[in-house]
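Listed below, chain by chain, are the residues.
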Amino acid sequence: MGKLTIIETPLKGLYIVETNAFIDHRGAFARWFCEEELAAVLGKRHIKNVNFSRTVKKGSIRGMHFQKPPHAEMKLVRCIRGRILDVVVDIRAGSPTFLQHYSVELSAENMKMFAVPEGFAHGFQSLEDDSEIMYLVTEFYSPESEAGLRFSDPALKIEWPLPVMDISEKDGKHPLVNDNFVGFDVSMYGEQV
Ligand SMILES: Cc1cn([C@H]2C[C@H](O)[C@@H](COP(=O)(O)OP(=O)(O)O[C@H]3O[C@@H](C)C(=O)[C@@H](O)[C@H]3O)O2)c(=O)[nH]c1=O
């Protein structure tokens, strides 16, 4: 039996991965990453960084972030403590779902993983104090390629479930999308759109 179940979302190339944990009297055992079982999600990509963040206050937002091509990256996001609402926005040029968003609750309890490919802006709101996430990334950090969209942009229509309790100065200033925003060509990463 596969230990990871890949679930498609309405946005092409975006997946939720469910973890089938073994539970017994001691607790749980689960496989969290397998290059073979996730081949359909990963394609030719390899994990280059594993990142961690702790967000102290419930209601805090980090996002909406991405690295521009040619340093765009896939992120495989898990919550290892607490709960978050993980949200992505499709910013792939020419995508039929351009600027649509999709969200999933990730928690230490539900063990879900969000597989977010290149061409998506990514962010989350913490739903509990001290929520921690760990995410696997397929590109090295490239500060000069970092960019973002404003979490509160009315054009994105994201409904954050809680009042915003904390946000970085940088994230409060990301640009709003306007009519000139056509997104990013991510065709170099394989068939994504
Ligand atoms: C993302 C990142 C940041 N940093 C540094 C930059 C800065 O000084 C400090 C904190 O960075 P940030 O404020 O960007 O951290 P944060 O707001 O948590 O950024 C993260 O947000 C989520 C939503 C994502 O999608 C991630 O890809 C990443 O962008 O860490 C690295 O050294 N390497 C990295 O890979």
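In the block above lies the structure referred to throughout.
Bear in mind the structure is a predicted one, so any value in this text is a computation, not a measurement.

Undergrad: Quick question: what am I supposed to make of the site of the ligand here?
TA: Lining the immediate environment of the ligand, one finds Asn-51, Arg-62, His-65, Lys-75, His-122, Gly-123, Tyr-135, Tyr-141, Glu-146 and Lys-170. At a separation of 2.7 Å, an oxygen atom of the ligand approaches a polar side-chain atom of His-65. Lys-170 is positioned such that a nitrogen or oxygen atom in its side chain is 2.9 Å from an oxygen atom of the ligand. In the complex, 64% of the free accessible area of the ligand, which totals 660 Å², lies under the protein chains. When atoms are counted within 2 Å of each cavity's grid points, the one that captures over half of the ligand is the largest pocket. Mapped by element, the contributors of at least two residues to the shell around the ligand are β6 (61-67) and β11 (120-126). A breakdown of the residues in the shell around the ligand according to their chemical character gives 2 nonpolar, 4 polar and 4 charged.

Undergrad: Can you walk me through empty space enclosed by the protein in this structure?
TA: Take a probe with the size of a water molecule and roll it over the atoms, and the empty space left behind shows itself. Scanning all chains against the criterion turns up 1 cavity of 30 Å³ or more. Approximately 90 Å³ is the volume found for the largest cavity. Taken together, 17 residues line the largest cavity, and the ones lying closest to its centre are Phe-66, Gln-67, Glu-118, Gly-119 and Phe-120. Within the residue set of the lining of the largest cavity, elements represented by two or more residues are β6 and β11. When residues in the lining of the largest cavity are grouped by element, the largest group, 3 residues, is from β6. Each residue belonging to the lining of the largest cavity can be placed in one class, and the counts come to 9 nonpolar, 4 polar and 4 charged.

Conventions we followed
- Residues numbered from 1 in each chain as written.
- Predicted model: local features only at pLDDT ≥ 70, side-chain atom pairs only at ≥ 80, totals over all residues.
- Heavy atoms only, no water.
- Near = heavy atom within 4 Å.
- Polar contact = N/O pair within 3.5 Å; in protein donor to acceptor, adjacent residues only side chain to side chain.
- Areas by Shrake-Rupley, 256 points an atom, 1.4 Å probe, with all protein chains shown as cover.
- 1 Å grid on protein atoms, 1.4 Å probe; cavity = no way out; pocket = protein on both sides within 12 Å on 5 of 7 lines; lining within 4 Å.
- Sits in = over half its atoms within 2 Å of the grid points.
- Helix = DSSP H or I, 4+ residues; strand = E, 2+ residues; numbered from the N terminus.
- Nonpolar A, V, L, I, M, F, W, Y, C, P; charged D, E, K, R; others polar.
- Points joined across faces, edges and corners; volume = space filled by probe spheres on them.

Geometric descriptors of this kind do not, in isolation, establish any biological role.
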